[in-house]
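Observations on the model geometry
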Amino acid sequence: METAQFETDLSLFKYDNLEQLPPAYRDLDEDERSERIEAALDELGDDVVILGHNYQRREIVEHADFIGDSYQLSKEAANADADYVIFGGVTFMAESADIITDDNQSVILPSMEASCPMAGMAEALQVDAAWAEITAETDDDIIPITYMNSYADLKAFCAEQGGLVCTSSNAHKAFEYAFEKGDKVLFLPDKHLGTNTAHRLGMEDEIVEWDPWDPEGKDASAAAANDIILWDGYCQVHERFRESHIEEIREEHDDVNVVVHPECRREVVEAADVAGSTSTICDVVENADPGEKWAIGTEIHLANHLSRWHPEVEVLPLCGDACMDCNAMRQIDPNYLAWVLEELVEGRERNVIQVAPEEKELAQVALDRMLEI
Ligand code: 13P
Ligand code: SF4
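As the structure is a prediction and not an experimental result, all values here were calculated from the model.

Between its first and last C-alpha, helix α1 (residues 30-44) extends 21 Å over 15 residues, near the 21 Å set by a 1.5 Å rise per residue. Every buried residue of α1 is accounted for by Arg-33, Ile-37, Ala-40, Leu-41 and Leu-44. The buried residues of α1 occupy an angular sector of 100° when projected down its axis, which confines them to one face. Summarising the geometry of α1, the exposed residues directed more than 90 degrees from the buried face are Asp-31, Glu-35, Asp-42 and Glu-43. Of the surrounding secondary structure, the elements contacted by the buried residues of α1 are β1 (48-53), α2 (58-61) and α15 (334-345). Gly-45 lies just past α1 and shows a positive phi near 50°.

A separate point is the pairing of strand β8 (residues 207-210). Burial along β8 is one-sided: the face carrying Val-208 and Trp-210 is buried and the face carrying Ile-207 and Glu-209 is not. Taken together, the four bridges between β8 and strand β9 (residues 228-231) define a ladder with parallel strand orientation. The partner of Ile-207 across the bridge, within β9, is Ile-228.

Right, let's talk about the environment of Val-269 for a bit. One can find Val-269 in helix α11 (residues 266-271). With a relative accessible area of 12%, Val-269 lands in the buried category. The contacts of Val-269, once residues within four sequence positions are left out, are Asn-196, Val-260, His-261, Pro-262, Cys-264 and Ala-275.

Spatially, the four strands line up as an open sheet ordered β2-β1-β3-β4, and their pairing is parallel. The open sheet has two edge strands with one neighbour each: β2 (66-68) and β4 (106-108). Strand-to-strand twist of the sheet, defined as the mean angle between neighbouring strand axes without regard to direction, takes the value 20°. Bridge count for β1 against β2 is three bridges, and the pairing is parallel.

In this section: the confidence of the model for the chain. Of the residues in the chain, 95% reach a pLDDT of 70 or more, and the chain-wide mean stands at 93. In the model, residues 1-11 has pLDDT below 50 throughout and makes 30 contacts with residues more than four positions away in sequence or in other chains.

Quick look at the pattern of salt bridges now. Counted under the stated rule, the structure contains 17 salt bridges. In this structure, the salt-bridge partner of Glu-19 is Arg-350, at a minimum N-O distance of 2.8 Å. One end of the pair, Glu-19, is in the segment before α1; the other, Arg-350, is in the loop between α15 and α16 (357-372), and 331 residues separate them in sequence. Looking at Glu-19, the relative accessible area reads 26%, which means it is partly exposed. Here Asp-227 makes a salt bridge to Lys-184, at a shortest N to O gap of 3.4 Å. You can see Asp-227 sitting in the loop between α9 (220-224) and β9 and its partner Lys-184 sitting in strand β7 (residues 184-188), a full 43 residues away along the chain. Judged by relative accessible area, Asp-227 falls into the partly exposed class, the value being 22%. Salt bridges linked by common partners bring Glu-19, Glu-343, Arg-348 and Arg-350 together as one network.

For the rest of this paragraph, the subject is the packing of helix α7 (residues 171-181) against helix α8 (residues 191-200). α8 packs onto α7 with a crossing angle of 70° between their chain directions and a minimal axis gap of 9 Å. Viewed along their axes, α7 and α8 adopt a mutual orientation that is roughly perpendicular. Every residue of α8 that contacts α7 at Ala-171, His-172 and Phe-175 is listed here: Leu-193, Gly-194, Thr-197 and Arg-200. Of the residues in the contact of α7 with α8, the class split is three nonpolar, three polar and one charged.

Moving on: the side chain of Ser-279. Secondary-structure assignment places Ser-279 in helix α12 (residues 278-286). The buried category is assigned to Ser-279, whose relative accessible area is 12%. In contact with Ser-279, other than residues within four places in its own chain, are Asn-54, Asp-69 and Gln-72.

To continue, consider the site of ligand 1. Looking at ligand 1, the residues that line it are His-53, Tyr-55, Asp-69, Ser-70, Asn-149, Ser-168, His-238, His-261, Glu-263, Ser-277 and Thr-278. Within the contact set of ligand 1, an oxygen atom lies 2.5 Å away from a side-chain nitrogen or oxygen of Ser-70. With respect to ligand 1, the side chain of Thr-278 contributes an N or O atom lying 2.8 Å from an oxygen atom. The fraction of the free accessible surface of ligand 1 (300 Å²) that becomes covered by protein chains is 95%. Considered class by class, the residues forming the shell around ligand 1 number one nonpolar, eight polar and two charged.

What counts and how
Residues numbered from 1 in each chain as written. Chains lettered and ligands numbered in written order. Predicted model: local features only at pLDDT ≥ 70, side-chain atom pairs only at ≥ 80, totals over all residues. Heavy atoms only, no water. Helix = DSSP H or I, 4+ residues; strand = E, 2+ residues; numbered from the N terminus. Expected span 1.5 Å × (residues − 1). Buried < 20%, exposed > 50% of the residue type's maximum accessible area, 1.4 Å probe, protein only. Arc of directions from axis to C-beta. Contact = heavy atoms within 4.5 Å. Pairing = 2+ DSSP bridges. Axes fitted to C-alpha atoms, helices over the stretch in contact; angles between N-to-C directions. pLDDT = per-residue confidence, 0-100. Salt bridge = Lys/Arg side-chain N within 4 Å of Asp/Glu carboxyl O. Parallel < 35°, antiparallel > 145°, perpendicular 65-115°, else oblique. Nonpolar A, V, L, I, M, F, W, Y, C, P; charged D, E, K, R; others polar. Near = heavy atom within 4 Å. Polar contact = N/O pair within 3.5 Å; in protein donor to acceptor, adjacent residues only side chain to side chain. Areas by Shrake-Rupley, 256 points an atom, 1.4 Å probe, with all protein chains shown as cover.

Listed below in structure tokens is the structure:
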């Protein structure tokens, strides 16, 4: 079987046009900064739209036109007709917005340092090599599915091999699509979301893991003998949740319910009452009766937003707030937001995410397949 040819840059930051915050923006007072952001937004009017992921800080989401999960934000990006889409999120989300929007629209990621470590765990070059090894061991059709949390070159690879993209809200549908088209799935990069999806479909006995960093962890013939091959990537934030955190919170509050993100380990998802994407987590709290208690097993900023947005519900972070902060999401500093907006008012575009044209077309195919399932 032919393998795809993609140039890929094995660096933490995918883009080298990283522009740092000018000193004048480093110590802005919150009230002054907010006023300046709103003044720039008034000046720019319909030319700009701000999309904010649920994990963004309060000072970002309070200026956002849309707040949502990565699937909802990709749909908003597709519908946006503003000249500038400012993405409050991480690089892979801004890349997807650039792929989906028209060529005359610019996608701006206020800080180029907002790189999700999980997306960096499956480099297209590594995947291409694994693909060659595994496909050499079987005549079955393998369909690659990549989680949205991956870079554009990997999305392009998946499209080229008949696969698609999914988010945590539609991974099960992507698996169903893949099993209609082929015999096996290679799922990248999040092994926990892959495991949880296999369980949801009753296919947990078909799982095999592929660890590209461990020579012992990649047996191509064993991989090819199973129906669901999971790349050994994970989210450093969600992997920290343990079953013991759920046991402890249930001991402290006998009437507490627990909702977690499906990037959590299998045993954590099993011990929770509900598992779902960040928008599912929002819906659960929004639909809770006044006085209900919900422990939130995901990034701390979302737990804090839910507590502010729904004071009638008792919202508790699943394991305190010390360790569940996503450092990648945190890079979108409101000072950067003020800077990129004021630069736009002056006619200068800063920190624009531009996916390479050769990746863009194919990656769009993989994203369009997701938007159609
Ligand atoms: P959602 O797709 O649920 O918004 O999650 C994105 C993400 O990065 C979770 O860590
Ligand atoms: Fe990436 Fe995890 Fe942060 Fe989501 S929470 S952006 S998966 S590091």
